[in-house]
Amino acid sequence: MRLLLESHAGFKAVADAANGREAVALAEEHTPDVVVMDVAMPILNGIEAATQISTKLPLQGIGR
């Protein structure tokens, strides 16, 4: 996935997580614009991790 994303201009992968808990921690550390995640991650599934990330890092785009 990293190679696919980084093959497009303007995209840079800042982290890879082995599980959902690590994904949440890395998102807090790097505050990425986009998070791509597997829903079946170990320890904390991707849906729960995405919920935690969206709570801890609210969107800061247009109209927010």
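Residues numbered from 1 in each chain as written. Predicted model: local features only at pLDDT ≥ 70, side-chain atom pairs only at ≥ 80, totals over all residues. Heavy atoms only, no water.

Student: Go over the overall build of the chain with me, naming the residues and quoting the values.
Tutor: Counting secondary structure elements, the chain contains three helices and zero strands. Put simply, the chain runs from its N terminus to its C terminus through helices and strands in the order α-α-α. Seen through its principal axes, the chain has C-alpha atoms that stretch 35 × 30 × 20 Å. Out of the 64 residues belonging to the chain, those deemed buried represent 19%. Within the chain, counting contacts between residues at least 6 apart in sequence, those at least 24 apart form 33% of the total. Charged side chains of the chain number 5 positive and 8 negative; the gap between the two group centres comes to 4 Å. (Helix = DSSP H or I, 4+ residues; strand = E, 2+ residues; numbered from the N terminus. Buried < 20%, exposed > 50% of the residue type's maximum accessible area, 1.4 Å probe, protein only. Contact = heavy atoms within 4.5 Å. Lys, Arg positive; Asp, Glu negative; His and termini not counted. Charge placed at Lys NZ, Arg CZ, Asp CG, Glu CD.)

Student: Residue-level account of helix 3 (residues 46–56), with values.
Tutor: Because an α-helix completes one turn every 3.6 residues, residues spaced three or four positions apart along the sequence face the same direction. Those residues of helix 3 that fall on the buried side of the exposure criterion are Gly 46, Ala 49 and Ile 53. All buried residues of helix 3 lie within an arc of 60° about the axis, which places them on one face of the element. The exposed residues of helix 3 that point more than 90 degrees off its buried face are Ile 47 and Thr 55. Considering only its buried residues, helix 3 is in contact with helix 2 (20–30). Measuring from the backbone nitrogen of Ile 47 back to the side-chain oxygen at the start of helix 3 gives 2.9 Å, which picks out Asn 45 as the cap. (Arc of directions from axis to C-beta. Polar contact = N/O pair within 3.5 Å; in protein donor to acceptor, adjacent residues only side chain to side chain.)

Student: For the nonpolar core, give the residues involved together with the corresponding values.
Tutor: In this structure, Val 24, Ala 27, Leu 44, Ala 49 and Ile 53 together form the largest nonpolar core, which totals five residues. Those elements that provide at least two residues to this core are helix 2 and helix 3. Apart from residues no more than four positions distant in its own chain, Ala 27 is found in contact with Pro 32, Ile 53 and Leu 57. (Core = buried A, V, L, I, M, F, W, Y, C linked by side-chain atoms within 4.5 Å.)

Student: So, the pattern of salt bridges: which residues are in play, and what are the values?
Tutor: Following the criterion strictly, the structure yields three salt bridges and no others. Here Arg 2 and Glu 6 are joined by a salt bridge, their closest N and O atoms 3.5 Å apart. One end of the pair, Arg 2, and the other, Glu 6, are both in helix 1 (residues 2–6), four residues apart, so they sit about a helical turn from each other. A salt bridge links Arg 2 to Asp 16; the shortest N-O distance between them is 3.1 Å. A residue pair is termed long-range when its members are at least 10 positions apart, and Arg 2 in helix 1 and Asp 16 in the loop between helix 1 and helix 2 qualify at 14 residues. On the basis of relative accessible area, Asp 16 is assigned to the exposed category, the value being 53%. (Salt bridge = Lys/Arg side-chain N within 4 Å of Asp/Glu carboxyl O.)

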